[in-house]
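# Coordinates in review
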Amino acid sequence: MNKPVNIGMAGAGRATELHMNALIRYTGVPVVFRHIVARRFEQVNAMKERYGFIHASLDFEDLLHDPEIDVIDICTPPYAHKEMIIKALAAGKHVICEKPLSGYFGKEGDPTPIGDRVSKAVMYDELIKDIDELREIVNKSDRKFMYAENFVYAPAVSKAAEIICKKKSKILYAKGEESLKGSSSPVAGRWDKTGGGTFIRTGAHPLAAILWLKKIEGIARNEDIKVKTVFADMGRVTSALSQYDRRHIAARPEDVEDNGTVIITFSDGSKATIIATDVLLGGSKNYIELYCNDTAINCNLTMSNLMSTYFLDEDRLEDVYISEMLPSKIGWNNPFLEDEIIRGYTDEMRDFMDAVYYDREPKSGFDLAYDSIRIIYAAYKSSELGVAVEV
């Protein structure tokens, strides 16, 4: 391109904040924040002023009809992703899509709440139809699809990939987790809005990172490694607590899980365990561990020990960011330093802007988005049936 990359942003929540904080740190490619849309004026106008968007409105169609916009960044709740992706590509826009790619959000005539009353096997079959349709649309388009999976871009995970590639290491067992005390989203507890609970919302991150690392291993060793089976156990424990007992936990699941453990078996016999919960106090926990034939690698994204703080009170700390999902700054804490960098958002958005500007493929594209959501729903199906599901 011989002009700046003009960005249209759909959404004004936490995902938008993370993407924009990463973008404002990166100046390698000229970028214009052209237009942001969201559902409420107070929300979209606040983001417009905070990040310097030229325009703000409440209609997604405004992004499609603006000829100056090159790429639309979709940071909306998951139920809106599919329609927005299709419309954006049809309008000739490149697409950045926040995770997950899609999900099952209910069909006409479904009994409600769907998370409790619709079979996960049915959901899995319907999801496959949807993402196969999306794959065909993406493949026919000449626009780029960029999957916003920040774990793939986290410096520790990128370094792990470099080591595996150089040494041609074999990952024999992998473990990953993202856990916290719930979500700030008012719709996080509803399957019809999110397509699932904590596993689709947070477990998607370590899952995608491990899938990507196994792909890197396969390329380095000239092996075709695929997911063979998925075995899962999902649960909902916080709803059994009294209001007093759950006073420190933000999870309010209506028909979704608040904890999940998934075991993946790959075609080469290796295994991976992914954990996601909404019952962890003290901040968020993000890590990937790799047990290899010739190395052991631990990637701690949060909580790191780069810095420790101890406070007796919170005086004058209102605007000091310490940690995500941390209700109090009193006592000992490990602050998130350079959070956008450590968790991969900066390199993620750099890669996406470079992909558009220099006309190359992104590191995280449609294949990873497709495989991640397919395995997430295979896990939901497995948990319902109590057996391993072949994929």
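For the structure, check the block above.
What you see is a predicted model; the values in this text were computed from it and never measured. (Residues numbered from 1 in each chain as written. Predicted model: local features only at pLDDT ≥ 70, side-chain atom pairs only at ≥ 80, totals over all residues. Heavy atoms only, no water.)

What follows concerns the pattern of salt bridges. Evaluation of the coordinates by the stated rule reveals 39 salt bridges. Its salt-bridge partner being Lys48, residue Glu49 comes within 3.6 Å of it at the nearest N-O pair. The shortest N-O distance in the salt bridge between Arg135 and Asp367 comes to 3.2 Å. With Arg135 in helix H6 (residues 120-140) and Asp367 in helix H12 (residues 366-385), this residue pair connects regions lying 232 residues apart in the sequence. We classify Arg135 as partly exposed; its relative accessible area is 25%. Judged by its relative accessible area of 45%, Asp367 falls in the partly exposed class. One connected set of salt bridges, linked through shared partners, spans Arg14, Glu17, Arg50, Glu324, Asp339 and Arg343. (Salt bridge = Lys/Arg side-chain N within 4 Å of Asp/Glu carboxyl O. Helix = DSSP H or I, 4+ residues; strand = E, 2+ residues; numbered from the N terminus. Buried < 20%, exposed > 50% of the residue type's maximum accessible area, 1.4 Å probe, protein only.)

Strand order in the open sheet formed by seven strands is S12-S11-S7-S10-S9-S8-S15, with mixed pairing between adjacent strands. Two strands in the sheet have a free side with no partner beyond their single neighbour: strand S12 (296-302) and strand S15 (389-390). Note that strand S7 (residues 171-179) and strand S10 (residues 271-277) share seven bridges and pair parallel. Bridging across to S10, Ser179 finds its partner in Thr277. Packing against the sheet, helix H7 (residues 155-167) makes contact with S7, strand S11 (285-292) and S12, and its axis sits at approximately 165° to S12. On top of the sheet, H12 reaches strand S8 (227-235), strand S9 (259-266) and S15; it is set at about 60° to S8, its chief contact. (Pairing = 2+ DSSP bridges. Contact = heavy atoms within 4.5 Å. Axes fitted to C-alpha atoms, helices over the stretch in contact; angles between N-to-C directions.)

Taking 1.5 Å per residue as the helical rise, H7 with its 13 residues ought to reach 18 Å, and the 18 Å between its terminal C-alpha atoms agrees with that figure. Every buried residue of H7 is listed here: Val157, Ala160, Ala161 and Ile164. Viewed end-on, H7 has its buried residues packed into an arc of 100°, placing them on one side of the element. Against the buried residues of H7 lie S7, helix H9 (198-221), S11 and S12. Looking one or two residues beyond H7, the residue adopting positive phi is Lys168, at roughly 55°. (Expected span 1.5 Å × (residues − 1). Arc of directions from axis to C-beta.)

Further remarks concern the packing of helix H1 (residues 14-23) against helix H11 (residues 345-357). Remark: H1 packs on H11, axes separated minimally by 8 Å, with the N-to-C direction vectors making an angle of 75°. Put simply, H1 runs roughly perpendicular to H11. Where H1 abuts H11, its residues Leu18, His19, Ala22 and Leu23 lie against Tyr345, Thr346, Glu348, Met349 and Met353. Here the contact of H1 with H11 is composed, by residue class, of six nonpolar, two polar and one charged. (Parallel < 35°, antiparallel > 145°, perpendicular 65-115°, else oblique. Nonpolar A, V, L, I, M, F, W, Y, C, P; charged D, E, K, R; others polar.)

The subject of this paragraph is the side chain of Ser372. Structurally, the position occupied by Ser372 is in helix H12. A relative accessible area of 0% places Ser372 in the buried class. Within the structure, Ser372 has its side chain in polar contact with the backbone oxygen of Leu368 (distance 2.8 Å). Dropping the residues within four chain positions of it, Ser372 is found in contact with Tyr147, Leu207, Ala208 and Leu211. (Polar contact = N/O pair within 3.5 Å; in protein donor to acceptor, adjacent residues only side chain to side chain.)

Right, let's get into H6. The first and last C-alpha atoms of H6 sit 30 Å apart over 21 residues, in line with the 30 Å expected at 1.5 Å per residue. Lys120, Ala121, Met123, Tyr124, Leu127, Ile128, Asp130, Ile131, Leu134 and Val138 are the residues of H6 that are buried. The N-cap residue of H6 is Ser119: its side-chain oxygen and the backbone nitrogen of Ala121 are 3.1 Å apart.

Fair warning: the whole summary comes from geometry, so function is off the table for now.
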